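# Structural description and commentary
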Amino acid sequence: MSRLIGLGLLLAGLLYPFAVYYGTEHFAPWQFGLLLGSLWLLRALTAARRPGSRWMAATVILFCLLLAWFDNPQWLRWYPSLVSAFMLALFGLSLKYGPPMVERLARMTDPQLPPKAIVYTRQVTVVWSAFFLCNGLLAAALTLWAPLSWWTLYNGLIAYGLMALLFAVEWLVRQRLRGRV
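Quantities reported herein were computed from a predicted structural model and do not represent experimental measurements.

## Some points on the side chain of Ser94
Relative to the helices and strands, Ser94 resides in helix α4 (residues 79-97). At a separation of 2.8 Å, a polar atom in the side chain of Ser94 contacts the main-chain amide nitrogen of Met101. Leaving out residues up to four positions away in the same chain, Ser94 has contacts with Ala89, Pro99, Pro100, Met101, Arg104 and Thr125.

## A look at the UniProt feature "transmembrane region" (unreviewed entry) in the protein
The UniProt feature table records "transmembrane region" (unreviewed entry) at residues 29-48, 55-72, 78-98, 126-146 and 152-173. Along residues 152-173 the backbone is 100% helical and 0% strand, and the end-to-end C-alpha distance reaches 31 Å.

## Focus on the environment of Gln74
Relative to the assigned elements, Gln74 resides in the loop between α3 (53-70) and α4. Judged by its relative accessible area of 31%, Gln74 is partly exposed. Counting along the chain gives 70 residues from Gln74 to Leu144, while the straight-line C-alpha distance between them is 8.7 Å. Beyond its immediate sequence surroundings of up to four residues, Gln74 is in contact with Thr143 and Leu144. A polar side-chain atom of Gln74 sits 2.6 Å from the main-chain carbonyl oxygen of Thr143.

## Examining empty space enclosed by the protein
The final tally for this structure, using the stated rule, is 1 cavity of 30 Å³ or more. Considering only enclosed or pocket space, the largest cavity measures out at about 50 Å³ in volume. In terms of lining residues, the largest cavity is bounded by Arg43, Ala44, Ala47, Ala48, Arg49, Ser53, Arg54 and Ala57. For the lining of the largest cavity, the secondary-structure elements that each account for two or more residues are α2 (29-46) and α3. Take the lining of the largest cavity: its biggest share by element is 3 residues, from α3. Looking at side-chain class alone, the lining of the largest cavity contains 4 nonpolar, 1 polar and 3 charged residues.

Analysis parameters
Residues numbered from 1 in each chain as written. Predicted model: local features only at pLDDT ≥ 70, side-chain atom pairs only at ≥ 80, totals over all residues. Heavy atoms only, no water. Helix = DSSP H or I, 4+ residues; strand = E, 2+ residues; numbered from the N terminus. Polar contact = N/O pair within 3.5 Å; in protein donor to acceptor, adjacent residues only side chain to side chain. Contact = heavy atoms within 4.5 Å. UniProt positions renumbered as here; feature names shortened; annotations may be inferred. Buried < 20%, exposed > 50% of the residue type's maximum accessible area, 1.4 Å probe, protein only. 1 Å grid on protein atoms, 1.4 Å probe; cavity = no way out; pocket = protein on both sides within 12 Å on 5 of 7 lines; lining within 4 Å. Points joined across faces, edges and corners; volume = space filled by probe spheres on them. Nonpolar A, V, L, I, M, F, W, Y, C, P; charged D, E, K, R; others polar.

See the structure below:
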């Protein structure tokens, strides 16, 4: 059940900009807030307890409740900035309290990382932190000053394209550093 809810949240996140763009003519902001808040509440109740997962879920649920209460369509556009802020906090705090997020992910496939790899994973975590900072700031700027179509284009397509590009470049760098390229 937890995986199904996680998948639902993933799909909701991926499709969110398009749902806002096309759905605001047919649905009220409070309906978006209740639907998204319900998904996060279900996740909070069923997911494994991990550091930060409760405060993240509580923050999003509070955001959704405020969205539902104030019923303001402009508030719908803040969700991608909130998600980027969470990702920045997740990656950035892992640099301080360790191990860095990318090292944690790398140890899932190779528990015995060499010292060079540990240094590298820290650098990659810094790059991802910078990405989430810039992404969140750009999403916020588009929320404040751009038409909905620009906001949708960036948050629904361009941001994911930039993430894919960053993944690809990092993968190529990693292969080169390993001597495989």
